[in-house]
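Working through the structure, step by step
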Amino acid sequence: MEFHPEVAHTARMYDWYLGGQDNYEADRIAGEQALRAHPNLRLTARCNRDFMHRAVRFLAEQGIEQFLDIGTGIPTEPNLHQVVQEVNPAARVVYADNDPLVLTHARALLTGTSEGRTAYLNADLRQPDSILSDPKLTETLDLSAPTALSVISILHFIEDPDDPQGTIAKLMGALPAGSYLAMTHATPDFGPEMGEVERVYHEAGLPGQIRTREEVARFFDGLEWVEPGLTTPHRWRPPIDPPEVMDNQVQFYAGVARKV
């Protein structure tokens, strides 16, 4: 993918929602329009990020030593490898994204522990075969051993003609029993705001397809839910004394499930 700072991009908009600096005027303009449609988008982005931290920490504590994170986005500390290597310094992580700006920051994703390993792939989720066959992945992860696939806030940017469900099935099919899928996905189920955000993204020339609970659950077909199952990000194993957040503020689903 070529670098076009004059055109809004999903990863740079997400960086802006999180208060980052790696975004451009086009991203901020589209982000402002999205915020007018859904004023809680910054909270939504933080809830997604916090879910990722809790989910991968939980998986590392369950003994998972390998992580494949697709749709990584612009680095924001703590990054996934920092969370899991705090639990297990020998954990190995492969990041994948197709945004040139993420690629320029990939060095920040490669500063793991001396015991563990991290790698970065310039790859597109819509091309799972190229991800699975990439030498950087096969040299870093042993796909015959349980692995966690993390797809946080990315699948709603892949529309049905690109078969996102088939893509996840292929990726999980390449992983052995004992592997996990962790994901979040935007939904229209809690109010009209996320549908308006989808419209803003389309008007900016960006893909997007938000999905209902039933549609999101299909990504986990054949997998065994980790409690509490499919819920909103802030309700998935929340910390003690969690901040008060309403489902209609976040308008996302989140879940973790195990391949048996």
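Here the structure is shown first, and the text comes after it.
Residues numbered from 1 in each chain as written. Predicted model: local features only at pLDDT ≥ 70, side-chain atom pairs only at ≥ 80, totals over all residues. Heavy atoms only, no water.

It is worth spelling out the overall build of the protein at this point. A count of helices and strands for the protein gives 11 helices and seven strands. Its C-alpha atoms give the protein a radius of gyration of 17 Å, near enough to 18 Å, the size a compact globule of 260 residues would have. Viewed in the frame of its principal axes, the protein has a C-alpha envelope of about 45 × 40 × 40 Å. For the protein, buried positions account for 53% of its 260 residues. Within the protein, residue pairs in contact and separated by at least 24 positions form 73% of the contacts whose partners lie at least 6 positions apart. Summing over all exposed atoms, the protein offers an accessible surface of approximately 11,500 Å²; the carbon and sulfur share of this is 49%. In the protein, which carries 22 positive and 38 negative side-chain charges, the distance between the mean positions of the two groups comes to 3 Å. (Helix = DSSP H or I, 4+ residues; strand = E, 2+ residues; numbered from the N terminus. Rg over C-alpha atoms; globule rule 2.2 N^0.38 Å. Buried < 20%, exposed > 50% of the residue type's maximum accessible area, 1.4 Å probe, protein only. Contact = heavy atoms within 4.5 Å. Areas by Shrake-Rupley, 256 points an atom, 1.4 Å probe, with all protein chains shown as cover. Lys, Arg positive; Asp, Glu negative; His and termini not counted. Charge placed at Lys NZ, Arg CZ, Asp CG, Glu CD.)

So, on to the sheet that holds strand β2 (residues 92-97). Reading across the sheet, the seven strands line up as β3-β2-β1-β4-β5-β7-β6 and stay open at both edges, with mixed pairing between neighbours. Looking at which strands have only one partner, the edges of the open sheet turn out to be β3 (117-122) and β6 (223-225). Along the sheet, successive strands turn relative to each other by an average axial angle of 20°, direction set aside. With seven bridges joining them, strand β5 (residues 180-186) and strand β7 (residues 252-259) adopt antiparallel strand pairing. Looking at the pairing, Ala 186 lines up with Phe 252 of β7. Sitting on the sheet, helix α4 (residues 80-87) touches β1 (66-70), β2, β3 and β4 (148-151), and the angle it makes with β2 is about 170°. (Pairing = 2+ DSSP bridges. Axes fitted to C-alpha atoms, helices over the stretch in contact; angles between N-to-C directions.)

Time to look at unusual backbone geometry. Between Glu 77 and Pro 78 the backbone carries a cis peptide bond, its omega angle lying at -5°. For Pro 78, the position within the fold is in the loop between β1 and α4. In this structure, the amide linkage connecting Glu 227 to the following residue, Pro 228, adopts the cis form with an omega of 10°. Tracing the sequence through the fold places Pro 228 in the loop between β6 and α11 (247-250). Positive phi values are uncommon outside glycine, yet Asp 163 reaches one of about 55°. Topologically, Asp 163 is positioned in the loop between β4 and α8 (164-173).

Take the packing of aromatic side chains next. Geometry of an aromatic ring pair is reported as the spacing of the ring centres plus the angle between the planes. In total, this model carries six aromatic pairs according to the counting rule given. Centre to centre, the rings of Phe 157 and Tyr 201 are 5.6 Å apart; their planes meet at 25°, and the pair counts as stacked. Of this pair, Phe 157 sits in the loop between β4 and α8 while Tyr 201 sits in helix α9 (residues 193-203); the two residues are 44 residues apart in sequence, bridging distant segments of the chain. Tyr 201 matches Phe 157 in its accessibility class, with the two residues each being buried. (Phe/Tyr/Trp six-rings, centres within 6.5 Å; stacked < 30°, edge-to-face > 60°.)

Grouped together as the largest cluster of nonpolar side chains are 53 residues, with contacts concentrated most on Ile 70, Leu 149, Val 151, Leu 155, Ile 168 and Leu 181. In contact with Val 151, other than residues within four places in its own chain, are Ile 70, Leu 125, Ile 168, Leu 181, Ala 182, Met 183 and Thr 184. Residues Ile 64, Tyr 120, Ala 182 and Ala 254 belong to the second largest nonpolar core, which totals 30 residues. (Core = buried A, V, L, I, M, F, W, Y, C linked by side-chain atoms within 4.5 Å.)

What follows deals with the pattern of salt bridges. As enumerated under the stated definition, the model contains nine salt bridges in all. Linking Glu 214 and Arg 218 is a salt bridge whose minimum nitrogen-to-oxygen distance equals 3.3 Å. Exposure remark for Arg 218: the relative accessible area of 34% places this residue in the partly exposed category. If you follow the salt bridges from partner to partner, you end up with Glu 196, Arg 199 and Glu 203 in one network. (Salt bridge = Lys/Arg side-chain N within 4 Å of Asp/Glu carboxyl O.)

In regular strands, side chains alternate between the two faces of the sheet. Taking burial as the measure, the eight residues of β7 include seven buried ones, the bulk of the element. Inspection of the sheet shows β6 paired to β7 by three bridges, in the antiparallel sense. What sits directly across from Leu 223, in β7, is Lys 259.

Helix length check: helix α2 (residues 25-37) (13 residues) gives 19 Å between terminal C-alpha atoms against 18 Å at 1.5 Å per residue, within 8%. Among the residues of α2, Ala 26, Asp 27, Ala 30, Gly 31, Ala 34, Leu 35 and Ala 37 are the ones counted as buried. In a view along the axis of α2, the buried residues occupy a sector of 165°, so they form one face of it. Those residues of α2 that are exposed and angled more than 90 degrees off the buried face are Glu 25 and Arg 36. (Expected span 1.5 Å × (residues − 1). Arc of directions from axis to C-beta.)

When you tally the buried positions in β5, you get seven out of seven residues, the bulk of the element. For the segment spanning β4, α8 and β5, crossover handedness is right-handed. (Right-handed = clockwise from strand over helix to strand, strands pointing away.)

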